[in-house]
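# Structural characterization, general
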Amino acid sequence: MSEDFVEIIEVSPRDGIQNDEKILPATIKLELIKRAVDAGADRIEATSFVNPKRVPQMADADEVANNLPRGTATRFIGLTLNRRGFDRAVAAKLDEANFVVVATDTFNQRNQGVPTAESITAFGEIMRDAPSDIKVGVTIGAAFGCPFEGEVPLNRLMDVVDACAAFGPHEIALADTIGVAVPKDVTERVTAVRRAYPDLPVRLHLHNTRNTGFANAWAGLEAGARSLDASLGGVGGCPFAPRATGNIATEDLLYMLERSGVHTNMALDAAIEAAKWLEAQLDKTVPGQVMKAGGFPSPEAGEAAA
Ligand code: ZN
């Protein structure tokens, strides 16, 4: 990937709606995915294969995964927390599985029922047994701070990164699950991973909980991350993290990147339309701002100035 290109991973069908009290039917989830495909998303985190008793919003994961709009350049990811979830992602013939390991034991225990070391072991077994037609990446949750344990020291994060990297994932994602990072943290941690593993692509998963998400995205790009997660309208949250709010909004991110000369494969207009559509489906105001303000210059600007 060139320096002036950023890959966008649309996560609204998974992170975006998993925390909403309104449970969208599979048909609406698939329409959302179709709109993200049409807007040009490089990858879409389509669903998560988790226990439906714990995350009822994802109870239809298999139905969604089996009806994805295939046949374009967009690749589909399934989130998995354990072997059972991974096997479901394989059965659904997803392009990629994204395995989550949380950097702190308390959060890992809440999120997936075992301490961090057990999730790392499970990840290693998955990497060993994964069929060749599915890519496997890893997301390190709470990489910048934990709702239960507080600060996550850099050496703790790097211990988890080292353990996961040893198994050979195709990429490593650092997740600011509860949106506490500031640009300095992102620069520090992305740089540390890039230095330790120059050939391992770094992806960033950012929440805008404290309004630092876009500054963090920019810091991450400058430090060498080339893939960014975002969700249409900025929807999202985590069912197991208190007060977690949405991801950085896809269309706001596109606006910032485009106006800065950083290219993506997504179309801003289509993303804005998709965000408005999603807002109507959720029946509540979503955090995205460019969907309200519009792009710039607006198509009517010439007439207005005349
Ligand atoms: Zn998230």
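Scroll up a little and you will see the structure.
Residues numbered from 1 in each chain as written. Predicted model: local features only at pLDDT ≥ 70, side-chain atom pairs only at ≥ 80, totals over all residues. Heavy atoms only, no water.

### Considerations on the environment of A275
Checked against the element boundaries, A275 lands in helix α11 (residues 268–282). C-alpha separation for the pair A275 and R203, spaced 72 residues apart in sequence, amounts to 23 Å. Ignoring any residue separated from it by four or fewer positions in sequence, one finds A275 in contact with L232, G233, E251 and M291. (Helix = DSSP H or I, 4+ residues; strand = E, 2+ residues; numbered from the N terminus. Contact = heavy atoms within 4.5 Å.)

### Overview of the coordination of the zinc ion
Around the zinc ion, the protein contributes the donor atoms D15 (OD), H205 (NE2) and H207 (NE2), at 1.9 to 2.1 Å from the metal centre. Positions of the donor residues of the zinc ion, expressed as sequence spacing, correspond to D-x189-H-x1-H. Accessibility assignment for this pair places H205 and H207 in one class, buried. (Donors = N, O, S within 2.8 Å, 3.2 Å for Na, K, Ca; no water. Buried < 20%, exposed > 50% of the residue type's maximum accessible area, 1.4 Å probe, protein only.)

### With respect to the environment of M291
Secondary-structure assignment places M291 in helix α12 (residues 290–293). Separated by 115 residues in sequence, M291 and D176 have C-alpha atoms that sit 24 Å apart. Ignoring any residue separated from it by four or fewer positions in sequence, one finds M291 in contact with G233, E251, D252, I272, A275, K276, E279 and V286.

### Considerations on the nonpolar core
If you look at the biggest cluster of nonpolar residues, it comprises 96 residues, and the most contacted ones within it are I33, I140, L174, L204 and L253. With eight residues, α11 is the single largest residue contributor to this core. Not counting chain neighbours up to four residues away, the residues in contact with L174 comprise I140, A143, F144, L157, V161, R189, V190, V193, R203, L204 and H205. (Core = buried A, V, L, I, M, F, W, Y, C linked by side-chain atoms within 4.5 Å.)

### With respect to the packing of helix α5 (residues 105–112) against helix α6 (residues 116–129)
Two numbers describe a pair of packed helices, the interaxial angle and the distance between the axes. The geometry of α5 relative to α6 is characterised by a closest axis approach of 8 Å and an angle of 60° between their N-to-C directions. Considering their axes alone, α5 and α6 lie oblique with respect to each other. Between α5 and α6, the residues in contact are D105, N108 and Q112 and T116, A117 and S119, respectively. Looking at the contact of α5 with α6 residue by residue, the class counts come to one nonpolar, four polar and one charged. (Axes fitted to C-alpha atoms, helices over the stretch in contact; angles between N-to-C directions. Parallel < 35°, antiparallel > 145°, perpendicular 65-115°, else oblique. Nonpolar A, V, L, I, M, F, W, Y, C, P; charged D, E, K, R; others polar.)

### Here we look at the sheet that holds strand β1 (residues 7–10)
Overall, parallel pairing links the eight strands, which are arranged β1-β2-β3-β4-β5-β6-β7-β8 in a closed barrel. The mean inter-strand angle of the sheet, taken between neighbouring strand axes irrespective of direction, is 30°. Pairing analysis gives five bridges linking strand β6 (residues 172–176) to strand β7 (residues 202–206), with the strands arranged parallel. Note on β7: the bridge partner recorded for A175 is H205. (Pairing = 2+ DSSP bridges.)

### Looking at the packing of helix α9 (residues 213–222) against helix α10 (residues 250–259)
Between α9 and α10, the shortest axis-to-axis distance is 11 Å and the interhelical angle comes to 50°. On the basis of the axis angle, α9 is oblique to α10. Like other packed secondary-structure pairs, α9 and α10 cross with a definite hand, here right-handed. Residue-level contacts link F214, A217, W218 and L221 of α9 to D252, L253, M256 and L257 of α10. Considering only residue class, the contact of α9 with α10 consists of seven nonpolar, no polar and one charged. (Left-handed = near helix turned anticlockwise from the far one by under 90°.)

### A look at the pairing of strand β3 (residues 75–80)
Here β3 lies mainly inside the structure; five of its six residues are buried. Bridge count between strand β2 (residues 43–49) and β3: six bridges; the pairing is parallel. Bridging across to β3, S48 finds its partner in L79. Looking at chain direction, β3 and strand β4 (residues 96–102) are connected through four bridges and run parallel. Bridge assignment links T80 to a residue of β4, and that residue is F99. The parallel pair β3 and β4, bridged by helix α4 (residues 83–91), forms a crossover whose chirality is right-handed. (Right-handed = clockwise from strand over helix to strand, strands pointing away.)

### Structural notes on the packing of aromatic side chains
Under the criterion given, the structure shown has three aromatic pairs. Arranged with centres 5.5 Å apart and planes meeting at 85°, the rings of F107 and F148 form a pair that is edge-to-face. Separated by 41 residues along the polypeptide, F107 in helix α5 and F148 in the loop between β5 (135–141) and α7 (154–165) bring together distant segments of the chain. Aromatic pair F123 and F167: ring centres 6.0 Å apart, planes at 80°, arrangement edge-to-face. You can see F123 sitting in helix α6 and its partner F167 sitting in the loop between α7 and β6, a full 44 residues away along the chain. (Phe/Tyr/Trp six-rings, centres within 6.5 Å; stacked < 30°, edge-to-face > 60°.)

### Quick word on the pattern of salt bridges
A full pass over the atoms with the stated rule returns 19 salt bridges. R14 serves as the salt-bridge partner of E45, at 2.9 Å between the closest nitrogen and oxygen. Taken together, the residues span a long stretch of sequence, with E45 in strand β2 and R14 in helix α1 (residues 12–18) at a distance of 31 residues. For R14, a relative accessible area of 7% corresponds to the buried category. A salt bridge links D105 to R156; the nearest nitrogen and oxygen atoms lie 3.9 Å apart. Note that D105 is positioned in helix α5 and R156 in helix α7, a separation of 51 residues in sequence. (Salt bridge = Lys/Arg side-chain N within 4 Å of Asp/Glu carboxyl O.)

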